[in-house]
Amino acid sequence: EAGVVQSPRYKIIEKKQPVAFWCNPISGHNTLYWYRQNLGQGPELLIRYENEEAVDDSQLPKDRFSAERLKGVDSTLKIQPAELGDSAVYLCASSRGAPGGYTFGSGTRLTVV
Amino acid sequence: GQSLEQPSEVTAVEGAIVQINCTYQTSGFYGLSWYQQHDGGAPTFLSYNALDGLEETGRFSSFLSRSDSYGYLLLQELQMKDSASYFCDLRDDKIIFGKGTRLHILP
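Rules of the game
Residues numbered from 1 in each chain as written. Chains lettered and ligands numbered in written order. Predicted model: local features only at pLDDT ≥ 70, side-chain atom pairs only at ≥ 80, totals over all residues. Heavy atoms only, no water. Helix = DSSP H or I, 4+ residues; strand = E, 2+ residues; numbered from the N terminus. Rg over C-alpha atoms; globule rule 2.2 N^0.38 Å. Buried < 20%, exposed > 50% of the residue type's maximum accessible area, 1.4 Å probe, protein only. Contact = heavy atoms within 4.5 Å. Areas by Shrake-Rupley, 256 points an atom, 1.4 Å probe, with all protein chains shown as cover. Lys, Arg positive; Asp, Glu negative; His and termini not counted. Charge placed at Lys NZ, Arg CZ, Asp CG, Glu CD. Buried area = accessible area lost by both parts, 1.4 Å probe. Salt bridge = Lys/Arg side-chain N within 4 Å of Asp/Glu carboxyl O. Nonpolar A, V, L, I, M, F, W, Y, C, P; charged D, E, K, R; others polar. Pairing = 2+ DSSP bridges. Axes fitted to C-alpha atoms, helices over the stretch in contact; angles between N-to-C directions.

A word on the overall build of chain A
No. 1: Helix and strand counts for chain A come out as zero helices and eleven strands.
No. 2: For chain A, the α and β elements follow one another from N to C terminus as β-β-β-β-β-β-β-β-β-β-β.
No. 3: Against the globule reference of 13 Å for 113 residues, chain A gives a C-alpha radius of gyration of 13 Å, in line with a compact fold.
No. 4: Seen through its C-alpha atoms, chain A measures out along the principal axes to roughly 40 × 25 × 25 Å.
No. 5: Scored against the burial criterion, the 113 residues of chain A give a buried share of 45%.
No. 6: Long-range pairs, those at least 24 residues apart, make up 53% of the contacts in chain A between residues at least 6 apart in sequence.
No. 7: When the accessible area of chain A is evaluated, it comes to approximately 5,600 Å², of which 49% is carbon and sulfur surface.
No. 8: With 13 positive and 13 negative side-chain charges, chain A shows a separation of 6 Å between the mean positions of the two kinds.

What follows is the structure, encoded as structure tokens:
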């Protein structure tokens, strides 16, 4: 099966500019996660979807971050406006929702200058 | 609240066995997962424990003791390609990852 697909792979933007990341999960995986990972740290959950419903967005900085998952498949994470501290790798993951692990995409490395 | 603790670094010799520990605090508990991440790569799922005991998958095993709020990942017959960061991931009503353990393997 195809893995979790993310794009772009890399993105460099100036602070205060908007940026968007896209994720296509594994077919049949109803649970989708967005994580942010800073260098030398573990992934930090930003938002978790069950189908099209955001069931945990408690760690999402809602003043500048937004996410959507239309039709319960693809998802987009947006930052507007970006700040220097947003530089990180943004990882998308998906699972069938049953207990166990999930599959990560290759991530988008964001650099804000 | 929730917390996860794992050592920041562990060093072992090629061919040996190494154990990476993870202790946690949580008000509820669903399971503990382990992931491997090579530099520049994405985390890769290794194993999941919801019940006490040992889960074995090839050279990797994971153990859980819910009464001790403790788990570990055991890597046997270490190979140079096992040099990576290893994360434990706690599942209760929330999901949190540990900060990761960097495994260094000496030839």
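There's plenty left to go through after this.
Some points on the interface of chain B and chain A
No. 1: With 17 residues of chain B in contact, the opposing surface of chain A contributes 20 residues.
No. 2: Both sides of the chain B and chain A interface together cover about 1,400 Å² of buried area, and 53% of this is carbon and sulfur.
No. 3: Taken as a group, Pro-43, Ile-95 and Phe-97 of chain B account for 33% of the area that chain B buries against chain A, more than any other trio of residues on that side.
No. 4: Here chain B and chain A share zero salt bridges between them.
No. 5: Going through the elements one at a time, strand 4 (31-37), strand 5 (44-49), strand 9 (84-91) and strand 10 (95-97) of chain B are the ones with two or more residues in the side of chain B that touches chain A.
No. 6: For the side of chain B that touches chain A, a count of residues per class yields eight nonpolar, four polar and five charged.

Thoughts on the pairing of strand 3 (residues 18-25) of chain B
Residue and element names in this part refer to chain B.
No. 1: Judged by which residues are buried, strand 3 turns out to be one-sided: Val-18, Ile-20, Cys-22 and Tyr-24 face inward and are buried, whereas Gln-19, Asn-21, Thr-23 and Gln-25, on the alternate face, are not.
No. 2: By the bridge criterion, six bridges tie strand 3 to strand 8 (residues 70-75) in an arrangement that is antiparallel. Among the inter-strand pairings, Asn-21 is bridged to a residue of strand 8, identified as Tyr-72.

Quick word on the sheet that holds strand 8 (residues 75-79) of chain A
Residues and elements named next belong to chain A.
No. 1: In spatial order, the strands read 1-3-8-7; together these four strands make up an open sheet with antiparallel pairing. Among the strands making up the open sheet, the edge pair consists of strand 1 (5-7) and strand 7 (65-68). Here the strands of the sheet are splayed against their neighbours by 15° on average, with no regard to which way each runs.
No. 2: Bridge analysis of strand 3 (residues 19-24) against strand 8 gives five bridges, and the strand direction is antiparallel. Bridge pairing links Val-19 to Ile-79 in strand 8.

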